[in-house]
Amino acid sequence: MINLFNHYLGLLKIKLSRSYLESKKKLNHFAFFRLILIFFRKVSDFLNTTHHYSSLTQHRIILGDNIRTKAFYKAISRINLKDKVVLDAGCGTGIFGFFASQRGAKKIIAVDRSNFIDKAMMLAKKNKIENIDFIQQDLTKLYFPQKIDVLIHENIGNFIFDENTINVVTHLKEKLLKRNAKIIPYQIDWSIVPVMLKKIAIYPPQAFWSTNPYNLDFSNLLNYELDKPISILLKTKDVYLSKPAVIYNLNYNKRIIPPKKINHSFLINKDGSINGALGFFKVKLDEKNFISTEPSLKLTHWGQMLFPNIFPLVVKKNDIVNFSILLNNYLDPASWQHQFKLIKIDP
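On a predicted model such as this, the values are computed, not experimentally measured, just so you know. Note that residues are indexed from 1 along each chain, following the sequence as it is written. With pLDDT at 70 or above as the cut-off, local features in this predicted model cover only qualifying residues; side-chain atom pairs require 80 or more to be listed or tallied, and sums for whole chains, interfaces and linings still use all residues. Processing note: side-chain calculations cover all non-hydrogen atoms of the structure and skip hydrogens and water entirely.

> Looking at this structure, how should I read the overall build of the protein?
By definition, any uninterrupted DSSP run of H or I lasting at least four residues is a helix, any uninterrupted run of E lasting at least two residues is a strand, and each is numbered from the N terminus. Scanning the protein from N- to C-terminus turns up nine helices and 14 strands. Nonlocal contacts in the protein, meaning residues at least 24 apart in sequence, comprise 75% of its contacts between residues at least 6 apart. Pairs of residues are marked as contacts when any of their non-hydrogen atoms sit within 4.5 Å.

Put into structure tokens, the structure is as follows:
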């Protein structure tokens, strides 16, 4: 952690020195704060990706998601694992590898980048699971000569892509999997629907802009905070103003092309005011087994994603509204830009 901090601090000093020399007289204040922001974002990214899944609390939440865990168990149970080598990618507690062992797999290789893998090894020993090897490694750098028959993975974030699922599975397919390897899950369908919520929750960090700090009005900056997607938990479809539409299919069995721009037009089916677009997804484990984060179904630890509309769009039944997302960096939801546009008004 300290080495990484010093690394980015050194880069920051170099960039600031260059900016100063280029300006000759004074450092551009906007550039200065932009570099500071980049610096802390790099450190934050490191903390999130490396240490997030070392948290016992996080694993308790995930393991306690019965919808997710039981669905994976069913999918693993439907495969003939006799003489098969299974890769549990991002193993966490090792639960999926344990399931595979119970179902007769020849060998399981469990991989995780976090230090939590030590606890997974302890759990394997506690449960007398002996046909499992553990490796602490970044999955995008993983390589060994053993070829894999079955890949079990769940590097799926609240915004699908934000745990690097595309790069992870692409690398594993190219380097480790047999040509006809079974991949669980094999597909994710991402859906969007315009919604009318009673209220969009404003969390304390965002609410700061409305507190008039130093007796000055900074409230306009709240719009910039709320212009990014956020995670929410909804339990009802009553907020829908249209039929949901699948806007992206992530098929792990095919060549994966990360999305750059999402664009879809919705036929409004009732009068209302659009103050957001709700995103949810369906994780397909096999042809009969899936996990969905759509409201009205049992909640998972993922919840849903909301793309707030800062200035609500008043619509009537049969209007057509276009919704688009520009994914500047598909791995980072904070970089996504979205907008709503009324393109046809029903007379």
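> Would you mind showing me how to read the environment of Val-150 here?
You can see Val-150 is positioned in strand 4 (residues 148-153). Taking the C-alpha atoms as reference, Val-150 lies 8.6 Å from Asp-88; in sequence the two are 62 residues apart. Among residues more than four places away in sequence, those in contact with Val-150 are Ile-79, Leu-81, Val-85, Val-86, Leu-87, Lys-182 and Ile-184.

> Looking at this structure, how should I read the environment of Val-314?
Along the chain, Val-314 falls in strand 12 (residues 304-315). Separated by 118 residues in the primary sequence, Val-314 and Met-196 place their C-alpha atoms 9.9 Å from one another. When neighbours within four sequence positions are excluded, Val-314 is seen to be in contact with Gly-272, Ser-273 and Leu-342.

> I'm lost on the nonpolar core in this one. Help?
Here is a general trend for soluble globular proteins: nonpolar side chains tend to be buried in one another's company. As used in this record, nonpolar core signifies buried Ala, Val, Leu, Ile, Met, Phe, Trp, Tyr and Cys residues forming a set joined through side-chain atoms within 4.5 Å. When accessible area is computed with a 1.4 Å probe and restricted to protein chains, residues below 20% of their type maximum are described as buried, those above 50% as exposed, and intermediate ones as partly exposed. Judged by nonpolar contacts, the single largest core of 77 residues is most densely connected at Leu-87, Phe-161 and Trp-190. Excluding its chain neighbours within four sequence positions, the residues that come into contact with Leu-87 are Ile-109, Val-111, Leu-142, Ile-148, Val-150, Leu-151, Ile-152, Leu-172 and Leu-176. By size, the runner-up hydrophobic cluster in this structure holds 11 residues, among which are Ile-230, Ile-232, Leu-234 and Leu-278.

> Would you mind going over the packing of helix 4 (residues 66-77) against helix 5 (residues 95-102) with me for this structure?
The relative placement of two packed helices is expressed as an angle between their axes plus a distance between the axes. At a minimum axis distance of 10 Å, the contact between helix 4 and helix 5 shows a crossing angle of 30 degrees. The interaxial crossing formed by helix 4 with helix 5 has right-handed handedness. Residues Arg-68, Thr-69, Phe-72, Tyr-73 and Ile-76 of helix 4 pack against Ile-95, Phe-96, Phe-99, Ala-100 and Gln-102 of helix 5. Ten residue types, Ala, Val, Leu, Ile, Met, Phe, Trp, Tyr, Cys and Pro, are classed as nonpolar, four, Asp, Glu, Lys and Arg, as charged, and the remainder, Gly among them, as polar. Considered class by class, the residues forming the contact of helix 4 with helix 5 number seven nonpolar, two polar and one charged. As a rule, the C-alpha atoms of each element are fitted with a line to give its axis, helices using only the stretch in contact, and angles between N-to-C directions run from 0 to 180 degrees. Working rule for handedness: look at the near helix, and if it is turned counterclockwise from the far one by less than a right angle, call the crossing left-handed; if clockwise, right-handed.

> Is there a simple way to think about the pairing of strand 3 (residues 132-136) in this case?
The side chains of a regular strand alternate, first on one face of the sheet and then on the other. When DSSP finds at least two bridges between two strands, those strands are taken to pair. Bridging between strand 2 (residues 107-112) and strand 3 involves five bridges; their strand directions are parallel. The residue bridging Val-111 from the neighbouring strand is Ile-135, located in strand 3. Note on handedness: a crossover is taken as right-handed if, strands pointing away from the viewer, the path from the first strand over the helix to the second is clockwise. Read as a crossover between parallel neighbours, the route from strand 2 over helix 6 (residues 117-126) to strand 3 is right-handed.

> Would you mind going over the pairing of strand 5 (residues 177-184) with me for this structure?
Of the strand pairs in this sheet, strand 4 and strand 5 are connected by four bridges, and their pairing is parallel. Its bridge partner being in strand 5, Leu-151 is matched across the sheet by Ile-183. Viewed along the sheet, the connection from strand 4 through helix 7 (residues 165-175) into strand 5 turns out right-handed.

> I keep staring at the pattern of salt bridges and nothing clicks. Help me out?
Two side chains with opposite charge may pair up if their charged atoms get near one another. One speaks of a salt bridge when a side-chain nitrogen belonging to Lys or Arg is within 4 Å of a carboxyl oxygen belonging to Asp or Glu. This structure, assessed with the given rule, holds six salt bridges. Note that Asp-189 and Lys-284 form a salt bridge whose closest N and O atoms lie 2.9 Å from each other. Placement of the pair is Asp-189 in strand 6 (residues 187-195) and Lys-284 in strand 10 (residues 272-286), with a sequence separation of 95 residues. Accessibility expressed as a relative area gives 21% for Lys-284, which makes it partly exposed.

> Please clarify how the sheet that holds strand 1 (residues 85-89) should be interpreted in this entry.
Taken together, five strands build an open sheet; the order of strands is 3-2-1-4-5 and the sheet is parallel. Sheet topology places strand 3 and strand 5 at the edges, where each strand pairs with a single neighbour. Within this sheet the neighbouring strands show an average axis-to-axis angle of 25 degrees, counted without direction.

> Looking at this model, I keep getting lost on helix 3 (residues 56-63). Mind explaining?
Side chains that are three or four residues apart share a direction in an α-helix, a result of its 3.6 residues per turn. Among all positions of helix 3, only Gln-58, His-59 and Ile-62 are buried. For helix 3, the arc enclosing every buried residue in end-on projection is 95 degrees, short of the 170-degree limit, so these residues lie on one face. Exposed residues pointing more than 90 degrees away from the buried face of helix 3 are listed as Leu-56 and Arg-60. Looking at the packing, one finds that the buried side of helix 3 touches helix 4. Polar contacts, as counted here, are pairs of nitrogen or oxygen atoms within 3.5 Å of one another; within protein the pair requires one atom able to donate a hydrogen and one able to accept it, and residues that are adjacent in sequence qualify only if both atoms are side-chain atoms. Residue Ser-55 occupies the N-cap position of helix 3, its side-chain oxygen lying 3.3 Å from the main-chain nitrogen of Thr-57. Read the arc as the range of directions from the helix axis to the C-beta atoms.

> Honestly, the sheet that holds strand 13 (residues 320-327) in this entry has me stumped. Any pointers?
Note: strands within a sheet are paired through backbone hydrogen bonds, in either parallel or antiparallel orientation. Pairing is antiparallel across the open sheet formed by three strands, whose spatial order is 9-13-14. This sheet does not close on itself; its edge strands, each paired only once, are strand 9 (261-267) and strand 14 (336-344). Across the sheet, the axes of successive neighbouring strands diverge by a mean angle of 15 degrees, strand direction being ignored. As paired strands, strand 9 and strand 13 are joined by seven bridges and run antiparallel to one another. Bridging from a neighbouring strand, Leu-267 pairs with Ile-320 of strand 13.

> When you look at the side chain of Asn-251 in this model, what are you seeing that I'm missing?
Along the polypeptide, Asn-251 turns up in strand 8 (residues 245-251). Side-chain polar atoms of Asn-251 contact the side chain of Gln-187, separated by 3.3 Å.

Everything listed is a geometric property; what it means functionally is a separate question.
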